[in-house]
Every structure is written in C-alpha cells, then in structure tokens.
Amino acid sequence: MFTFARKLIKVIISFNINISIGMKKLLMVLAFAGVSAASMAQEAVPTEKYSVATNSFWSNWFVQGNLVGTAFWGGQEVQNNFSKSPLKGFRNNLGFSVAIGKWFTPGIGLRTKFNGIWGRTIKSENKSNNASKYWALNEQVMFNLSNMILGYNENRLWDLIPYASVGIERNMTYNRYSPAWGIGILNEFKLSNKFAINLDINYNLFMNRSDGRDGLLAGAKPYKNRSFKGLIANHDRTLNVEVGITYNLGKATWSKTPDVEAIKALSQGQIDALNAQLADANAENARLQKQIRDHKCPTTTNAVDTKATVKEFVSAPVSVFFNLGKAKVASQKDLQNVKAVAEAAKANNAKIVVTGYADSKTGNTNINQRLSQKRAEAVADALVNMGVDRSNIEINAAGGVDTLSPISFNRRATVELK
C-alpha cells in the first residue's frame, strides 16, 4: 500500500500542466486509485458485507492536521510561455490544513477544512515577486468507496475516500474574496481505531483575479470558447498534496446489526422445542374435540381440560422479530409459529395477547413507545388475516427495553394465549 502511495504522489507532482493534459492525468490518477484500492483491499482483507446500527450524534467525529504542498496557477497567465510544472519554485509553497468532520454512515460523511496561509500570485517566474498570503474554508461531502463497495470492515487498513467541496477563499495580501470549488481524494492508512495517516490530493478552482492579479501577463490570451479546457484555464486554481494525521473522537467504529436469520439460527433449538410442544398440544386438542363430538365424555369437563392443555403449551411466548426502526415483520417465517397459536386460539375461543417491544439503546422514549405499538399492531393484523377475531386480541406496547442480549433481540413482538 505504501509503495502505491509513493507512486501516486510521484504521478501527481511530476505531470506537466498544459490544462487539458493535466486535468486528464488527474482524473486518470483518481480513477486508477479507486480501482487499485478496491482490488487491493479485497485481496488483503476478506470482507463480509453486513448492516450496521446507527450510532449516536456524538459518535464517529474526527479531527485532522496536515502539512500541505500547494501549486498555484492564475487565469492571468493562460496560454503564455510560463512553465506549468507544479515543481517550479515560483508556483509552489508550503502550508497547513486543519479539519473537523463526522461520518453519518460508514460510507457518507461531512468535513469542514481550513487551509493556508502561504501562497503565490503568479506575476513572473521569479518566486520573490509572487509571494502572497491566503486562506480557504471549505465544506466537503465525502464518500468512503471502500465501505460502500466492499462493505464495512473495521479491520481494513486502507480507506479510499473521494470528496467534493464548496467554500470561500480569501487572498489576504490583496484583500480579495472568491467562491471555491474542488474535488479530491483522501487516502487513510489505519494505525489503530483512533489514529490514521492521511494522504489527501485535491484540485480547486477560484474566480479569476481572486489571487489579486488584474489583467493578463505578457503573451497570455484567454480562451474564448466554452470548452472544458477553457473553463478551467480562465480560473485561478491550485493543486494540493497533503500529508498528516487523523484522530477519531469518541466511538470510531460501527456495530453490526444481526439479521433475523442469524437470530433464528441462534435460538433454533428453542423454536424446535416450542414447535414440538405445539404439535403435541394440537394433537391432544383434536383428540379431545373428537371426544366432545362423539359424546364420549362430558362436554364441560373436556372443555376445561382442553384449555388447560393449551395453557401448558403457551407458557413460553412466540416471538416475531423486526429490523432496526421498522414495524414491518422482518421474516415471514416467524408468522408460521404465530399461525399455530392462532389456530389453537380459534379452536378454543381463547384470547391472544400481543406485546410490542423496541430496544432502548436507539431512539428516545416517545419514539420507542410508538414503535412498539406499531409492531404489536402489525402482528395483530397478521392474526386477523389468519382468522382470529380482533375482539379476542389484546395489544400492549412495552416501549424500549433491554431485557434480552444482544440488544437487537429486543426488536420484537410476542404472541401468547391469555
């Protein structure tokens, strides 16, 4: 990975900028970096794709500090004979950047970045004539392609993060302000859950004359057409290569959300036992009902015995599971057990109690109360579709609880005979 990073820097800082060729090379580098990162990450760290739980607002924040090498070009020099190489001393200067940001999901985040302050206003090829000071403040939307394409993996060593930015730039020497637009690619090399090394490469555009230079230099001639090449060349612009450190504040990882199938697999033995009890209870109930029809025993006695048999079976409630924040039954397989309870209730004219739950770790009290109510109602609707009289269904909403572990097991509704 570090060999690739060195090659990437070498490509970026060695290409001669004629605008059309330079931009093509930059885009090719970004595309090549994306493909390489995806393939290298896939080969180095096998990744299992899975859903993650939503973290609190205060999780997944980070701060960054970088040393920045910047090359400058101005609209005043378009098509003149100045060397366009970013390595020329009259073009480049060192600076710094600091940033704060937050990941809202493993794939999407926002970052606010300040950078400056030693710049260049290109007047000649003598760097002593070109010194100026500036600052830029940008808001950036980041896309972690490693997580978006390969799935989240907290052990991944390299994350590839393209981003787009808008902001404002000020040339302090000439008291000029300008809007700013940019694209970039951030490479993060993980050292630990708290620290990562940054390699950030970005290209930025500003309004013409924002660098303080009015008019054209000798031999310069602006593009009159509306081509992409002309659009870029007629603006002031910078290329930044930044190297530094990321520090993650608070919780920096994402917790896996177990899917319903995994939950079912963990408790399959209990479910099989309940199904066996249900089958035995149904068989016994059918036998007793046949006795009633054939008058082989008193009706009253058998009716009491029938209900007693069912109560013994339903000592353990049947669970129906839901995904995070949802009131739609996650797996229709859960309703197979509910259907058996519904049949027993109809055969004995018994009442059914449906209790909805939410997990207390996500959402506030009011949200969890409403969510547990909706989950109970969803299961009640399923019972009605199975032929149970709604008047025989009692609905309870327990709100957010943490009675089961892991916490995702509490996203459920239970069904039992009363």
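Residues numbered from 1 in each chain as written. Predicted model: local features only at pLDDT ≥ 70, side-chain atom pairs only at ≥ 80, totals over all residues. Heavy atoms only, no water.

*Asks:* Would you explain the packing of aromatic side chains in this entry?
*Replies:* Aromatic rings in a pair are described by how distant their centres are and how their planes are angled relative to each other. Counting across every chain of the model gives 11 aromatic pairs. Here F57 and W58 contribute two aromatic rings whose centre-to-centre distance is 4.9 Å and whose plane-to-plane angle is 85°, an arrangement assigned as edge-to-face. Looking at W58, the relative accessible area reads 65%, which means it is exposed. Where F195 meets Y247, the ring centres are 5.0 Å apart and the plane angle is 50°; that geometry is what we call tilted. Here Y247 lies in strand β8 (residues 236-249) and F195 lies in strand β7 (residues 195-206), a separation of 52 residues in the sequence. (Phe/Tyr/Trp six-rings, centres within 6.5 Å; stacked < 30°, edge-to-face > 60°. Buried < 20%, exposed > 50% of the residue type's maximum accessible area, 1.4 Å probe, protein only. Helix = DSSP H or I, 4+ residues; strand = E, 2+ residues; numbered from the N terminus.)

*Asks:* What is the right way to read the environment of Q289 from this model?
*Replies:* When you line up the elements, Q289 lands in helix α6 (residues 268-293). Under the relative-accessibility criterion, Q289 is labelled partly exposed at 23%. Distance in space between the C-alpha atoms of Q289 and A347 is 9.0 Å, their sequence separation being 58 residues.

*Asks:* Explain helix α9 (residues 365-385) to me, please; I cannot follow it from the model alone.
*Replies:* Every α-helix winds through 3.6 residues per turn, so residues three or four apart in the chain are directed the same way. Between its terminal C-alpha atoms α9 stretches 31 Å, which fits the 30 Å expected from 21 residues at 1.5 Å a residue. Turning to α9, its buried residues number three or more, namely N368, L371, S372, R375, A376, V379, A380, A382 and L383. Packed against the buried residues of α9 are β9 (318-321), α8 (334-348), β10 (352-359), β11 (393-401) and β12 (412-417). Of the residues that open α9, the one with a side-chain oxygen 3.2 Å from the backbone nitrogen of N366 is N364. Positive backbone phi, approximately 105°, marks G387, located one or two places after α9. (Expected span 1.5 Å × (residues − 1). Contact = heavy atoms within 4.5 Å. Polar contact = N/O pair within 3.5 Å; in protein donor to acceptor, adjacent residues only side chain to side chain.)

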